[in-house]
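Secondary and tertiary structure notes
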Amino acid sequence: MENNQGLLVLKFGGTSVSSASRMRDVASLISNDTPKIVVLSAMAGTTNALEEYASYLYKQDKISARALLAKLKSEYLEVIQDLLSSSEGKQKGKELIESHFNYLENFNRDLFTLFEEKAVLAQGEMLSTALLHYLLEEQGTFSVLLQSLNFMRIDKNQEPDDYYIRENLHRELEKYPEDKLFITQGFICRDAFGEIDNLKRGGSDYTASLIGVAVKASEIQIWTDIDGFHNNDPRFVEKTKTIGQLSYAEAAELAYFGAKILHPTSIRPAREKNIPVRLKNTLDPDSPGTLITAGTSEGGLKAVAAKDGITVIRIRSGRMLLAFGFLRKVFEIFENYRTSIDMITTSEVSVSVTIDQTDHLDDIIRDLGHYADVETHSDQTIVCVVGDLIAEKEGVAREVFNALDDVPVRMISYGSSSNNISLLISTKDKIKALNNLSKNLFQ
Ligand code: ADP
Ligand code: ASP
Ligand code: MG
């Protein structure tokens, strides 16, 4: 079907709404006639603070919990003073803060559970969206505040329930046929049982992509604090550069392998429905940013990203490896514990795999132990080099390895796709590896 021409989905991340003045910048960016759905994150620092609050509640450390909440509340009360100018607006803002913080305080009474933690984390996005809505109201711009808990939902496998989202979002939007500016919360959703849940840290990008697909938006824009996708991680490497254009495959790979600018799975929905994703800088709205579409642009290596928190499992079995069905048994064990494998390499007597989710590591090691000797190493990092590797032909791999000649490499994955080389290194070597790659490949 045709895209809904002209309808945009714009997502603003935490730093883009981190203060009253940043919120005013967002308000001026969205106050025009283009029909749009605006997805907001919590104000920068809020989700971290709420996570910390939850950790105190788990530990029954009521005093630290109370102190943290009091500090956060006073910061919000200050934002209100700056954000809203009429006494009526300030009063409304204050009531909003009171009601959310009373709700949060109530968790500091009895036993704290995972369900409650999710409800606590959800308050950040509820606050930021209501505050922007109040600001627009004071400025005379009409907006509709949609509650994403009424339409965002994940299923029993923790995957977005596309049908539910589409049907319920449409039902919400149809209530306002004349209106053009909608605001809603990123990150938060309901689970298959209707309880409050979320799309994992950084999940507002995913919300935007899912909404973009549900309404067939003409474009999904991710507004953040940097001028688009850079060719290396700017937190660890100097002189990184914006990439003007990326294909869905390249962007998805980089996001999955650690480029924090995008939530790891946020490209998938847009890619499936061929909706362009544009990364834009709230601090410099006129800079072109990065456009992500189906077509790949000029060939060559595009970017490097790194994903920490990786554990490698080496499974060694002289007897079994060449036997039929050995790999199936190995994979079945990971499947049984719903643990996905990122990288895999094999030799005659051993197979090594990496995982980033270690909740069931002990069970996995025990089960693998029935068939093979098992050895694990944590604190590993996957470095991923992405680009049009076919266009570059054989020179590419050499350039990558030359760049890493003083970094021990534990695993290499090359050839399974034409747009990526992944290498496993020790996390302590990451910054060196990223900088070496930057110098050799991009400068
Ligand atoms: P938001 O709060 O808007 O979602 P994030 O902090 O999640 O913003 O993502 C933006 C940050 O991602 C940038 O400030 C930058 O430090 C980091 N980042 C990591 N890798 C990249 C990259 N390849 N390109 C751009 N930014 C990156
Ligand atoms: N507020 C959430 C977080 O900090 C979601 C997001 O910002 O995308 O992870
Ligand atoms: Mg983010």
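Residues numbered from 1 in each chain as written. Chains lettered and ligands numbered in written order. Predicted model: local features only at pLDDT ≥ 70, side-chain atom pairs only at ≥ 80, totals over all residues. Heavy atoms only, no water.

1. So, the sheet that holds strand β14 (residues 373–388)
- Reading across the sheet, the 6 strands line up as β12-β13-β11-β14-β16-β15 and stay open at both edges, with antiparallel pairing between neighbours. With one partner strand each, in any of the chains shown, β12 (341–346) and β15 (409–414) form the two edges of the open sheet. Ignoring which end each strand starts from, the neighbouring axes of this sheet average 30° apart.
- Pairing between strand β11 (residues 300–316) and β14: 13 bridges, direction antiparallel. For Ile 315, the partnering residue across the bridge sits in β14 and is Val 374. (Pairing = 2+ DSSP bridges. Helix = DSSP H or I, 4+ residues; strand = E, 2+ residues; numbered from the N terminus. Axes fitted to C-alpha atoms, helices over the stretch in contact; angles between N-to-C directions.)

2. A word on the side chain of Asn 281
- The residue Asn 281 is located in strand β9 (residues 277–281) in this model.
- Of the polar contacts made by the side chain of Asn 281, one reaches the backbone nitrogen of Leu 283; its length is 2.9 Å.
- In contact with Asn 281, other than residues within four places in its own chain, are Trp 223, Thr 224, Asp 225, Ile 226 and Asp 227. (Polar contact = N/O pair within 3.5 Å; in protein donor to acceptor, adjacent residues only side chain to side chain. Contact = heavy atoms within 4.5 Å.)

3. Overview of the site of ligand 1
- Ligand 1 sits among 15 residues. The nearest are Lys 11, Thr 224, Asp 225, His 230 and Lys 260.
- One nitrogen or oxygen atom from the side chain of Asp 225 is found 2.8 Å from an oxygen atom belonging to ligand 1.
- Burial of ligand 1 by the protein amounts to 87% of the accessible area it has alone, namely 570 Å².
- Of the residues assigned to the shell around ligand 1, the class counts are 4 nonpolar, 6 polar and 5 charged. (Near = heavy atom within 4 Å. Areas by Shrake-Rupley, 256 points an atom, 1.4 Å probe, with all protein chains shown as cover. Nonpolar A, V, L, I, M, F, W, Y, C, P; charged D, E, K, R; others polar.)

4. Notes on the site of ligand 2
- Taken together, Ser 41, Ala 42, Thr 47, Glu 125, Phe 187, Arg 201, Gly 202, Gly 203 and Ser 204 are the residues near ligand 2.
- At a separation of 2.7 Å, an oxygen atom of ligand 2 approaches a polar side-chain atom of Arg 201.
- Separating an oxygen atom of ligand 2 from a backbone N or O atom of Ser 204 is a distance of 3.0 Å.
- When ligand 2 sits alone it has 260 Å² of accessible area, and the protein chains cover 87% of it.

5. Thoughts on the packing of helix α2 (residues 46–58) against helix α5 (residues 114–121)
- Packing of α2 against α5 brings their axes to within 9 Å, and their N-to-C directions diverge by 150°. Between α2 and α5, the angle falls in the class roughly antiparallel. Relative to α5, α2 is oriented so that their crossing is right-handed. In this structure, α2 contributes Thr 47, Leu 50, Glu 51, Tyr 53, Ala 54 and Tyr 58 to the contact, and α5 contributes Leu 114, Glu 117, Val 120 and Leu 121.
- When its residues are assigned to classes, the contact of α2 with α5 shows 7 nonpolar, 1 polar and 2 charged. (Parallel < 35°, antiparallel > 145°, perpendicular 65-115°, else oblique. Left-handed = near helix turned anticlockwise from the far one by under 90°.)

6. Here's the deal with a nonpolar patch on the surface
- On the surface, Phe 401, Val 409, Ile 412 and Tyr 414 cluster together into a nonpolar patch covering about 320 Å² of accessible area.
- Within the secondary structure layout, Val 409 lies in strand β15. (Patch = residues over 30% accessible without salt bridge, like charges linked within 9 Å, V, L, I, M, F, W, Y side chains within 5 Å. Salt bridge = Lys/Arg side-chain N within 4 Å of Asp/Glu carboxyl O.)

7. Describing helix α4 (residues 87–106)
- In this model α4 runs 28 Å from its N-terminal to its C-terminal C-alpha over 20 residues, within 8% of the 28 Å that 1.5 Å per residue would give.
- Along α4, the positions that sit buried rather than exposed are Gly 89, Gly 93, Leu 96, Ile 97, His 100, Phe 101 and Leu 104. Buried residues in α4, looked at end-on, bunch into an arc of 115°, giving them a common side. Among the exposed residues of α4, those pointing more than 90 degrees away from its buried face are Ser 87 and Glu 88.
- Next to the buried residues of α4 lie α2, α3 (62–83), α5 and α6 (123–138). (Expected span 1.5 Å × (residues − 1). Buried < 20%, exposed > 50% of the residue type's maximum accessible area, 1.4 Å probe, protein only. Arc of directions from axis to C-beta.)

8. Comments concerning the packing of aromatic side chains
- Tallied over the entire structure, the rule returns 7 aromatic pairs.
- Taking the centre distance of 5.6 Å and the plane angle of 25° together, the rings of Phe 12 and Trp 223 count as stacked. Residue Phe 12 is located in strand β1 (residues 4–12), and its partner Trp 223 is located in strand β7 (residues 217–224); the two are separated by 211 residues in the primary sequence.
- Under the relative-accessibility criterion, Phe 12 is labelled buried at 0%.
- On the basis of relative accessible area, Trp 223 is assigned to the buried category, the value being 5%.
- Ring plane angle 90° and centroid distance 5.1 Å describe the contact between Tyr 103 and Phe 107, whose orientation is recorded as edge-to-face.
- Given the relative accessible area of 35%, Tyr 103 is considered partly exposed.
- Judged by its relative accessible area of 11%, Phe 107 is buried.
- One aromatic cluster is present, formed by Tyr 58, Tyr 103, Phe 107 and Phe 112 through successive ring pairs.
- Sitting above the plane of the Tyr 164 ring, Arg 153 keeps its charged end 4.5 Å from the centroid. (Phe/Tyr/Trp six-rings, centres within 6.5 Å; stacked < 30°, edge-to-face > 60°. Lys NZ or Arg CZ within 6 Å of the ring centre and 35° of its normal.)

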